[in-house]
Amino acid sequence: MSGSPLPAEPNLYVHVPFCAGKCAYCAFYSEGAFAPGDVRDYLALLPRELALRGLSGMRPQTVYVGGGTPSQLGADGIRALFAALPPPAPDAEVTVEANPADMTPALAGALRECGVTRVSLGAQSFSAATLARLGRRHGPDAIRQAAALVRAAGIGRLSLDLIAATPGELDGEFQNSLQSAIALEPDHVSVYPLSVEPGTPFANAGVRPPSDEDALAAVALAEETLGAAGFSRYELSNYARPGAECRHNLAVWLGEDYVGAGPAACSRMQRLRRANAPGFHAWRDALRGDELPPAQTETLSVCDDEAERFSTRVRLREWALPAPDSDIGRRRAATLARLAELGLAHSPKPGIWSLTARGREVADSVAAELL
Ligand code: SF4
């Protein structure tokens, strides 16, 4: 990708590949065991990847540091990470994901000092038993303490992640988690039903995923409870107070370009797709030799590129049809009219479309129909 033109307003994703063990449900790439030297190498080589790919001069409008567990870097590691990244634009949104177990006054202070505007805490549940079953390394009190530290440090935005429909949850536990999350006054909440992916400890232990009925009921409860507290469901799994939507993720869902750095990070630049291979050691060894890290790259056709960018739009509360006067735009408008007759989509105002409550339940099928 070296030499590819930077988008006018680039969005930067940075993957931190380290975790202190693996959660029972986790299918993301991360190293569950690592040495201090690995972190030093990662921080030293990140600028080399950016330089080799011609990205050192970018001025990102949004930065999203995810993983993995970025908070495993600690206060000094976070300072080193931001020193290694290109400086964001003055009004950029800068998000860092954190595990509540790692949050300390020093880490919260370092995040604030480095210009972080948004912390996304992996709360997942406020039930000690459910957290233990999920393999999380924190209890409910650690979430409350972490949220208080983020606020005390003066970081403007706080987001909480919750997992819905965890098998074995008792009646009322998920509702209690929603209420406990709301009590911390976050600006944003993400709610994903549990999925059991091949190769995870849950899958290996034969844990069955929640039924569609249970998952839909939990999502409906989340929408109702968070809605009553002033959160709007702006994407299928994401809720925000007015104006507190995640700018980075919104840009991706709206089909904008983004660049990703670090092992397993993905990029979309014009029609080019790049997915760094999910392996820290191969990433490190290539960069030590001044070579680009191993990656899968693909240049999509104009049609596939447009379809991929459109596919995530339908997950948003409202969206406009791109290129309504083109052949594909007219075909999509005809499909939407048919979906409206089936009660799956509607047009709240001319040129704007939205899924109905039933359409949101079968959003993947609706997106497939439109593509
Ligand atoms: S902390 Fe996040 S990335 Fe790490 S193992 Fe748990 S779920 Fe996966």
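Residues numbered from 1 in each chain as written. Predicted model: local features only at pLDDT ≥ 70, side-chain atom pairs only at ≥ 80, totals over all residues. Heavy atoms only, no water.

### Some words on the domain arrangement of the protein chain
The figure often quoted for interface size is the accessible area lost as the parts come together.
Reasoning step 1: The domain architecture assigned to the protein chain consists of domain 1 (11-253) and domain 2 (301-371).
Reasoning step 2: A straight line from the C-alpha centre of domain 1 to that of domain 2 covers 29 Å.
Reasoning step 3: At the interface, 12 residues of domain 1 touch 9 residues of domain 2.
Reasoning step 4: Both sides together, the interface formed by domain 1 and domain 2 hides about 960 Å², and carbon and sulfur atoms give 51% of it.
Reasoning step 5: Considering only the surface of domain 1 that becomes buried against domain 2, Leu216, Leu236 and Trp253 emerge as the three largest contributors, covering 53% of it.
Reasoning step 6: Our enumeration of links across domain 1 and domain 2 arrives at 2 salt bridges.
Reasoning step 7: For Arg360, the salt bridge is made with Glu223, and the minimal N-O distance between the two is 3.4 Å.
Reasoning step 8: Counting the contacts that link domain 1 with domain 2 gives 7 residue pairs in polar contact (both at pLDDT 80 or more).
Reasoning step 9: When contributions to the side of domain 1 that touches domain 2 are tallied by element, the ones reaching two or more residues are helix H8 (212-228), strand S7 (232-235) and helix H9 (247-253).
Reasoning step 10: If you tally residues by element for the side of domain 1 that touches domain 2, the top one is S7, at 4 residues. (Domains from an automatic or database assignment. Contact = heavy atoms within 4.5 Å. Buried area = accessible area lost by both parts, 1.4 Å probe. Salt bridge = Lys/Arg side-chain N within 4 Å of Asp/Glu carboxyl O. Polar contact = N/O pair within 3.5 Å; in protein donor to acceptor, adjacent residues only side chain to side chain. Helix = DSSP H or I, 4+ residues; strand = E, 2+ residues; numbered from the N terminus.)

### Some points on the pairing of strand S10 (residues 266-269)
Side-chain positions along a regular strand alternate between the two faces of the sheet.
Reasoning step 1: Bridge count for S10 against strand S11 (residues 272-276) is 4 bridges, and the pairing is antiparallel. Residue pairing in the sheet places Met269 in a bridge with Leu272 of S11. (Pairing = 2+ DSSP bridges.)

### Comments concerning the environment of Arg133
Reasoning step 1: Looking at the element boundaries, Arg133 is found in helix H4 (residues 128-134).
Reasoning step 2: Here the alpha-carbon distance between Arg133 and Ala24, two residues 109 residues apart in the chain, equals 7.5 Å.

### With respect to the pairing of strand S5 (residues 157-164)
Reasoning step 1: Of all the 8 residues making up S5, 6 are buried; the element is thus mostly covered by neighbouring parts of the structure.
Reasoning step 2: Where strand S4 (residues 118-124) meets S5, 5 bridges bridge the pair, whose relative direction is parallel. Paired with Gln124 across the two strands is Leu162, which belongs to S5.
Reasoning step 3: Examined bridge by bridge, S5 and strand S6 (residues 188-193) share 6 bridges and lie parallel to one another. Bridge pairing in S6 places Ser159 opposite His188.
Reasoning step 4: In this fold, S5 hands off to helix H6 (residues 173-183), which returns the chain to S6; that crossover is right-handed. (Buried < 20%, exposed > 50% of the residue type's maximum accessible area, 1.4 Å probe, protein only. Right-handed = clockwise from strand over helix to strand, strands pointing away.)

### What to know about the sheet that holds strand S13 (residues 319-320)
Reasoning step 1: Strand order across the open sheet formed by 3 strands is S13-S15-S14, with antiparallel pairing between neighbours. Across the chains shown, the open sheet's two edge strands, defined by having one partner strand only, are S13 and strand S14 (345-349).
Reasoning step 2: Note that S13 and strand S15 (residues 352-355) share 2 bridges and pair antiparallel. Residue Trp319 lies in a different strand from S15, and its bridge partner there is Trp353.

### Some words on the sheet that holds S11
Reasoning step 1: In spatial order, the strands read S10-S11-S12; together these 3 strands make up an open sheet with antiparallel pairing. Edge positions in the sheet fall to S10 and strand S12 (295-299), since each of these pairs with one other strand and no more. The mean inter-strand angle of the sheet, taken between neighbouring strand axes irrespective of direction, is 10°. (Axes fitted to C-alpha atoms, helices over the stretch in contact; angles between N-to-C directions.)

### A word on the pattern of salt bridges
Reasoning step 1: Inspection of the entire model under this criterion finds 25 salt bridges.
Reasoning step 2: A salt bridge links Arg53 to Glu49; its shortest N-O distance comes to 2.6 Å. Each member of the pair, Arg53 together with Glu49, is buried.
Reasoning step 3: The partner of Glu235 in a salt bridge is Arg315, with the nearest N and O atoms 2.6 Å apart. Taken together, the residues span a long stretch of sequence, with Glu235 in strand S7 and Arg315 in the loop between helix H11 (302-311) and S13 at a distance of 80 residues.
Reasoning step 4: Judged by its relative accessible area of 24%, Arg315 falls in the partly exposed class.

### Remarks on the site of the ligand
Reasoning step 1: Around the ligand lies a shell formed by Cys19, Gly21, Lys22, Cys23, Tyr25, Cys26, Gly68, Thr69 and Arg136.
Reasoning step 2: Classifying every residue of the shell around the ligand gives 4 nonpolar, 3 polar and 2 charged. (Near = heavy atom within 4 Å. Nonpolar A, V, L, I, M, F, W, Y, C, P; charged D, E, K, R; others polar.)

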